[in-house]
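Results of the structural survey
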2 protein chains.
Amino acid sequence: MKNEAGIRAFGAHLQRLREARGWSREVLAQSADVSRMTVYRIEKAQLAASLDVFLSLAHALEISPRELMDFPQPIN
Amino acid sequence: MKNEAGIRAFGAHLQRLREARGWSREVLAQSADVSRMTVYRIEKAQLAASLDVFLSLAHALEISPRELMDFPQPIN
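Under the annotation held in an unreviewed UniProt entry, chain A carries the name Helix-turn-helix transcriptional regulator and is attributed to Hymenobacter armeniacus.

Topic: the environment of Glu43 of chain B
All names here are of chain B. Along the chain, Glu43 falls in helix H3 (residues 36–43). Taking the C-alpha atoms as reference points, Glu43 and Ile7, 36 residues apart in sequence, are found 8.7 Å from one another. Dropping the residues within four chain positions of it, Glu43 is found in contact with Gly11, Ala12, Leu14, Gln15, Arg18 and Arg25. Among the polar contacts made by the side chain of Glu43, one reaches the side chain of Arg25 at a distance of 2.7 Å.

Notes on the interface of chain A and chain B
With 22 residues of chain A at the interface, the matching set in chain B holds 22 residues. Together, the buried faces of chain A and chain B total about 2000 Å²; carbon and sulfur atoms form 65% of this surface. One can count two salt bridges joining chain A with chain B. In this structure, Arg66 of chain A engages Asp70 of chain B in a salt bridge whose closest nitrogen and oxygen atoms are separated by 3.6 Å. When residues of the side of chain A that touches chain B are assigned to their parent elements, the largest contribution, five residues, is made by helix H4 (residues 51–61) of chain A. Its residues assigned to classes, the side of chain A that touches chain B shows 12 nonpolar, five polar and five charged.

Quick notes on helix H2 (residues 25–32) of chain A
Residue and element names in this part refer to chain A. Looking only at H2, the buried set comprises Arg25, Leu28, Ala29 and Ala32. For H2, the angular spread of the buried residues around the axis is 100°, confining them to a single face. Buried residues belonging to H2 abut helix H1 (4–20), helix H3 (36–43) and H4. The positive-phi residue at the C-terminal boundary of H2 is Asp33, with phi of around 60°.

What to know about the relation of the copies chain A and chain B
The transform that puts chain A on chain B rotates by 180° and translates by 0.0 Å along the axis, for an RMSD of 0.0 Å. What the rotation and shift describe, once combined, is the action of a two-fold rotation axis. When C-alpha positions in chain A are compared against the rotation axis, the closest is assigned to Ser50 of chain A, at 1.9 Å. Mapped onto chain B, 100% of the interface residues of chain A again fall at the interface, so both copies present the same surface.

Structural notes on the packing of aromatic side chains
Residues and elements named next belong to chain A. Across all of its chains, the model carries four aromatic pairs over all chains by this definition. Judged by centre distance (5.5 Å) and plane angle (35°), the rings of Phe10 and Phe54 are tilted. Separated by 44 residues along the polypeptide, Phe10 in helix H1 and Phe54 in helix H4 bring together distant segments of the chain. Residues Phe10 and Phe71 carry aromatic rings whose centres are separated by 5.6 Å and whose planes lie at 55° to one another, so their mutual orientation is tilted. With a gap of 61 residues between them, Phe10 in helix H1 and Phe71 in the segment after helix H5 (65–68) connect regions that are remote in the sequence.

Conventions adopted
Numbers given for residues are sequential positions, taken from 1 along each chain in its written order. For this description, chains carry letters from A and ligands carry numbers from 1, given in the order in which they are written. Residues qualify for local features only when their pLDDT is at least 70, as the model is predicted, and side-chain atom pairs are given and counted only at 80 or more; totals for whole chains, interfaces and linings, by contrast, use all residues. Here the side-chain values reflect all heavy atoms present in the structure, with hydrogen atoms and water set aside. The helix count covers DSSP runs of H or I at least four residues long, the strand count covers runs of E at least two residues long, and both are numbered beginning at the N terminus. For this analysis, residues touch if any pair of their heavy atoms sits within 4.5 Å. Two N or O atoms form a polar contact when they lie within 3.5 Å of each other; inside protein one atom must be a possible hydrogen donor and the other a possible acceptor, and for residues adjacent in sequence the pair counts only when both atoms belong to side chains. Simply put, the buried area is the total loss of 1.4 Å probe accessible area from both parts when two parts are fitted together. Salt bridges are defined as contacts in which a side-chain nitrogen from Lys or Arg sits within 4 Å of a carboxyl oxygen from Asp or Glu. Classification convention: Asp, Glu, Lys, Arg as charged; Ala, Val, Leu, Ile, Met, Phe, Trp, Tyr, Cys, Pro as nonpolar; all other residues, Gly among them, as polar. Using a 1.4 Å probe on the protein chains alone, a residue whose accessible area is under 20% of its type maximum counts as buried, one over 50% counts as exposed, and one in between counts as partly exposed. The arc in question is formed by the directions pointing from the helix axis toward the C-beta atoms. Here the copies are superposed with least squares, the fitted atoms being C-alpha atoms of residues at a pLDDT of at least 70 in both. Two rings belonging to Phe, Tyr or Trp (six-membered ring only in the last case) form a pair when the distance between their centres is within 6.5 Å. Interplanar angles under 30 degrees mark stacking, angles over 60 mark edge-to-face geometry, and anything in between is tilted.

The following block contains the structure:
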């Protein structure tokens, strides 16, 4: 997987956003209509979210996709 | 594929960004180290870009991932 540092940074960002809302992975998964394992694998950088899942996560978190993509970009 | 309207909007956004630079799909593909077919399928909303490809496209276009995600969100 290319851009592993970026994938890890996004996973940590998603976890921060989820935990800031006091949500479990299950709650975010149900709200975004994805599996809990998908949320887990994205947060642990085991999976690069596809844009359709990314848009569902932004919708579930009630933020714009642009905000969801707003995380510190590591230097590759 | 969920969020088809969003995937289509992103494809059109990517094409606008590419054409604004006067680049062919081949030029963008080489710069992002993806196949020309991947660029074509993303622009035509036949493929939901994964985050690693998305980050490569942003890098190739020399914009932040946040800017690449900054496109008009259709109402689903």
